[in-house]
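Descriptive analysis of the structure
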Amino acid sequence: MGRYIYGARNGIHIMDLTQTVPLLDQALAAVQAVTAKGGRVLFVGTKRQASKAIADAAERSAQYYMNHRWLGGTLTNWKTISASIARLKALDEKLESGAEGLTKKERLKMEREQNKLQLSLGGIREMGGTPDIMFVVDTNKEALAVAEAKKLGIPVIAILDSNSDPVGIDYPVPGNDDAARAIALYCDLIARAALDGMAAQMGSAGIDIGEMEEAPVEEVVEVVEEVVVEEAPAEEAAK
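Description of the structure in this document. (Residues numbered from 1 in each chain as written. Predicted model: local features only at pLDDT ≥ 70, side-chain atom pairs only at ≥ 80, totals over all residues. Heavy atoms only, no water.)

1. As for the overall build of the protein
Each helix and strand in the protein was counted, giving seven helices and eight strands. Every one of the 239 residues in the protein was classed for burial, and the buried ones make up 44%. For the protein, the share of sequence-separated contacts (at least 6 apart) that also reach a separation of at least 24 residues comes to 61%. Taken as a whole, the protein presents about 13000 Å² of accessible surface, with 50% of it coming from carbon and sulfur. (Helix = DSSP H or I, 4+ residues; strand = E, 2+ residues; numbered from the N terminus. Buried < 20%, exposed > 50% of the residue type's maximum accessible area, 1.4 Å probe, protein only. Contact = heavy atoms within 4.5 Å. Areas by Shrake-Rupley, 256 points an atom, 1.4 Å probe, with all protein chains shown as cover.)

2. Examining the sheet that holds strand E5 (residues 133-137)
Strand order in the open sheet made by the five strands is E4-E3-E5-E6-E7, with parallel pairing throughout. The sheet is open, and its two borders are formed by strand E4 (64-66) and strand E7 (171-174), each paired with just one other strand. Geometrically, the sheet is characterised by an average inter-axis angle of 20 degrees between neighbouring strands, direction not taken into account. Where E5 lies against strand E6 (residues 156-160), four bridges are found, and the strand directions are parallel. Bridging from a neighbouring strand, Phe135 pairs with Ile157 of E6. Packed onto the sheet, helix H2 (residues 48-60) meets strand E3 (41-44), E4 and E5 and runs at close to 165 degrees relative to E4. Set on the sheet, helix H6 (residues 180-204) makes contact with E3, E5, E6 and E7; between it and E5 the angle comes to about 165 degrees. (Pairing = 2+ DSSP bridges. Axes fitted to C-alpha atoms, helices over the stretch in contact; angles between N-to-C directions.)

3. Considering the side chain of Thr20
Locating Thr20 in the fold gives a position in helix H1 (residues 17-36). Among the residues examined, Thr20 registers a relative accessible area of 5% and is labelled buried.

4. Here we look at the packing of H1 against H6
A pair of packed helices can be characterised by two numbers: the angle between their axes and the separation between those axes. Close contact between H1 and H6 brings their axes to 7 Å; oriented N to C, the two are set at 40 degrees. On the basis of their axis angle, the class for H1 and H6 is oblique. Classified by chirality, the crossing of H6 by H1 is right-handed. Along the contact surface, H1 presents Thr20, Leu24, Leu28, Val31, Gln32, Thr35 and Ala36, while H6 presents Tyr186, Leu189, Ile190, Ala193, Ala194, Asp196, Gly197, Met198 and Gln201. Its residues placed into classes, the contact of H1 with H6 shows 10 nonpolar, five polar and one charged. (Parallel < 35°, antiparallel > 145°, perpendicular 65-115°, else oblique. Left-handed = near helix turned anticlockwise from the far one by under 90°. Nonpolar A, V, L, I, M, F, W, Y, C, P; charged D, E, K, R; others polar.)

5. So, the packing of aromatic side chains
All told, the structure shown has one aromatic pair when counted by the stated rule. A ring pair is formed by Phe43 and Phe135, whose centres lie 5.8 Å apart and whose planes are at 75 degrees; its orientation type is edge-to-face. Of this pair, Phe43 sits in strand E3 while Phe135 sits in strand E5; the two residues are 92 residues apart in sequence, bridging distant segments of the chain. Of the two residues, Phe43 and Phe135, neither departs from the other in class, the shared state being buried. (Phe/Tyr/Trp six-rings, centres within 6.5 Å; stacked < 30°, edge-to-face > 60°.)

The analysis is restricted to geometry; functional conclusions fall outside its scope.
Shown next as structure tokens:
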């Protein structure tokens, strides 16, 4: 990550934002291009700081997410994952209908299985297949997800901190992958790009967005000052 670091002061790495901005623009353009063609975006971030922002951004842009725990084979063994998703949907239908004929113990067991599957697969239950592009927060934490995407040739956008490896990442975005505010900002921008692409797709299909009840609203975000920092490895070791 040395090429993306502006300098270090008092044990703190300072990212070179003159590189972050154009690289982020490229990533956003890629997301917009995917959704403009009806493609799917998968948001991935299972660390505590990223979990809520990942889910919120994906749901707001009608996309998909994994924010609890990455299950091995989620992409490379989609057939098995699809079977688990089908099981989740079956449990939902059974419990929503009142689960008649079940004992209290059987119902409790079913609810526990439902909750477990919902945590792991709820964000991709309607994805219907592998995604066309993947957005990742913290490539170290999500190394397995990145590896599966690379194996299948799925483009990866990733927020790369000073302790990350940019090799193999299609759209690297140097930045802080630990601070909740920074993660929320990146997730929000990716979501907006996805919505812009969807709006373009509807426009090309002849749909008058102005007549839609809930038309996508483009908001202007002005970032007055954003300094992205990360503790140097030496300081981390001291902790």
